[in-house]
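Structure assessment
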Amino acid sequence: MVELKTHVTHVAVRTTQIPLYKETALYYRSDEGEWVLYKKPGEIISQHRLDTERIPRLFILTEDRESAAVEIQTSFNRILDESLGAGDVKTVHNCLVGIAVETLNEPRSGTMRQARRSVALLTRASTRDPAILKQITNLYHLDYTTALHSVNVMTLTLGFAHKVGYGWRRTLEFGLAALLHDIGKIQIPESLLKSPKPLTDDEFRIMRQHPIMALDVLDRAKMTLPKVRAAAIEHHERINGTGYPFGKTDISLVGQIVGIIDAYEALTNEDRPYRRAAPPGKALQILREETDRGYHMPSLYNRFLQSLSV
Ligand SMILES: [Fe+2]
Ligand SMILES: [Fe+2]
């Protein structure tokens, strides 16, 4: 199968993910610039082959993007399930970040379904053993991304839900809402998300649009769960009206919980080169002060504090 195309018909795949593709066809570009089929559906390129052979840069068809992302997520979910059973926290974390990356890269109904499954697997495992959430959040990572942040906010939110005693369904929805809370950021230019210096007023205005942009992304992905939508649009609102994008004071419970946990996670991680991470104690002190100033509900702050000391 050889075809010649001039517009963008193929997208590159990450080398680490090559062994995870089975049903997805992979292509490479010949010296003449033609797209050539490298692996047809049903075949697997093993890690061994990847390690020992010279394999060209591989691509998938643009139209296969969603199904390819779902295939990767399905593999991650299988590994996630196994490593949760084995108590392999590092692999659990890698799978969760991988699933978050695929969801953020390709927010469609298929990837959302797999993300929901990941949260369900983690919810089930952490119901049996809540300590696993803490171990996941405590893993240290050099490269702070939106995906990593989202996974951290999710594990902290699941810990909160367990502590408060939410039922299975509610816990799962809160976890998924937390995982997807920043999905609007995929509409924000990378240069702003990773800016090495503080943002200008204009840049801040754009950044603060991400909760509104989320609704569009969730619409396209057919994600209609009210809690997911509420968390995405309300997590930067504050009950005293000082938040954004609307400055509203009537904020849903999930919006408030994800909001306070998001603030905590952002404080304890080095998301920008010019901003140092605060140790957990310092971050909690800052949140306490914010609570005293009317940003958060005191009862929520207290419950979050308790959930951290599982
Ligand atoms: Fe946000
Ligand atoms: Fe966030």
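Residues numbered from 1 in each chain as written. Chains lettered and ligands numbered in written order. Predicted model: local features only at pLDDT ≥ 70, side-chain atom pairs only at ≥ 80, totals over all residues.

1. Some words on the overall build of the protein chain
Selection rule: Secondary structure follows DSSP: runs of H or I at least 4 residues long count as helices, runs of E at least 2 residues long count as strands, and numbering of each begins at the N terminus. Atoms counted for the radius of gyration: C-alpha only. Globule rule: 2.2 Å times residue count to the power 0.38. Buried, partly exposed and exposed are defined by the number of other C-beta atoms within 10 Å of a residue's own C-beta, namely 20 or more, between the two limits, and 12 or fewer respectively, with C-beta atoms placed from the backbone. Residue pairs qualify as contacts under a 7 Å threshold applied to their C-beta atoms, which are placed from the backbone.
What the protein chain contains, in helices and strands, is 14 helices and five strands. The C-alpha atoms of the protein chain give a radius of gyration of 21 Å, which matches the 19 Å a tight globule of 310 residues would have. When the 310 residues of the protein chain are sorted by exposure, 36% land in the buried category. Residue pairs in contact within the protein chain that sit at least 24 positions apart in sequence constitute 66% of those at least 6 positions apart.

2. A few points about the nonpolar core
Let me state the cut-off plainly: A set of buried Ala, Val, Leu, Ile, Met, Phe, Trp, Tyr and Cys residues, joined to one another through C-beta atoms within 7 Å, is what we call a nonpolar core. An automatic or database domain assignment supplies the start and end points of every domain.
Counting residues in each nonpolar core, the largest one holds 64 residues, and the members touching the most others are A100, A177, A178 and I261. Here this core spans two domains, since at least three of its residues come from each of domain 1 (2-66) and domain 2 (88-308). Beyond its immediate stretch of four places on either side in the chain, A177 contacts K227, V228, A231, V254 and V258.

3. Describing the packing of helix 2 (residues 65-86) against helix 3 (residues 89-105)
Inclusion rule: Axis lines are fitted through C-alpha atoms, for helices just across the contact stretch, and the angle between N-to-C directions can take any value from 0 to 180 degrees. For classification purposes, an angle smaller than 35 degrees is called roughly parallel, one larger than 145 roughly antiparallel, one from 65 to 115 roughly perpendicular, and anything else oblique. Crossing handedness follows the turn of the near helix against the far one: under a right angle anticlockwise gives a left-handed crossing, and clockwise gives a right-handed one. Residues were grouped as follows: Ala, Val, Leu, Ile, Met, Phe, Trp, Tyr, Cys and Pro as nonpolar; Asp, Glu, Lys and Arg as charged; and all remaining residues, including Gly, as polar.
Relative to each other, helix 2 and helix 3 sit at 160°, their axes nearing to 9 Å. By the criterion of interaxial angle, the relationship of helix 2 to helix 3 is roughly antiparallel. The crossing of helix 2 and helix 3 is left-handed. Counting all contacts with helix 2, which are made through A69, I72, Q73, F76, N77, I79, L80, S83 and L84, the residues of helix 3 involved are T91, V92, C95, L96, G98, I99, E102 and N105. Considering only residue class, the contact of helix 2 with helix 3 consists of ten nonpolar, six polar and one charged.

4. Remarks on the pairing of strand 4 (residues 35-39)
Applicable threshold: When DSSP finds at least two bridges between two strands, those strands are taken to pair.
Two elements, strand 3 (residues 26-29) and strand 4, share four bridges in a ladder whose sense is antiparallel. Opposite R29, over in strand 4, you have W35 as the bridge partner. The hairpin turn running from strand 3 into strand 4, its antiparallel successor, is five residues long, and G33 in that turn takes a positive phi close to 85°.

5. Some thoughts on unusual backbone geometry
Between Y244 and the following residue, P245, the backbone shows a cis peptide bond with an omega angle of 10°. Within the secondary structure layout, P245 lies in the loop between helix 11 (226-234) and helix 12 (253-268). For K222, which is not a glycine, the phi torsion comes out positive at approximately 55°. Take K222: there are 11 C-beta atoms within 10 Å of it, and that puts it in the exposed class.

6. What about the environment of Q114?
Positionally, Q114 belongs in helix 4 (residues 109-128). The contacts of Q114, once residues within four sequence positions are left out, are V70, Q73, T74, N77 and I99.

7. Remarks on the packing of helix 7 (residues 168-179) against helix 11
Contact geometry of helix 7 with helix 11 gives a least axis separation of 8 Å together with a crossing angle of 35°. Of the two elements, helix 7 crosses helix 11, and the hand of that crossing is right-handed. Taking contact as the criterion, the partners of E173, F174, L176, A177 and A178 in helix 7 are, on helix 11, K227, V228 and A231.

8. A look at the environment of S118
Examined against the element boundaries, S118 turns out to sit in helix 4. A tally of 26 C-beta atoms within 10 Å means that S118 is categorised as buried. Spatially, the C-alpha atoms of S118 and W168 are 14 Å apart, while their sequence positions differ by 50 residues. S118 has contacts with N77, L80, L96 and I99, leaving out every residue within four places of it along the chain.

9. Some thoughts on the confidence of the model for the protein chain
Heads up, the condition is: pLDDT measures the predictor's confidence residue by residue and takes values from 0 up to 100.
Residues with a pLDDT of 70 or more make up 97% of the protein chain, whose mean pLDDT is 93. Taken element by element, the predicted model of the protein chain shows its lowest mean pLDDT in strand 1 (residues 2-3) (50) and its highest in helix 11 (98).

10. Some thoughts on the environment of Q209
Positionally, Q209 belongs in the loop between helix 9 (201-207) and helix 10 (210-220). Residue Q209 is classed as partly exposed on the basis of its C-beta count, with 16 C-beta atoms lying within 10 Å. Through-space distance from the C-alpha of Q209 to that of I233 is 9.6 Å; in sequence the pair is 24 residues apart.

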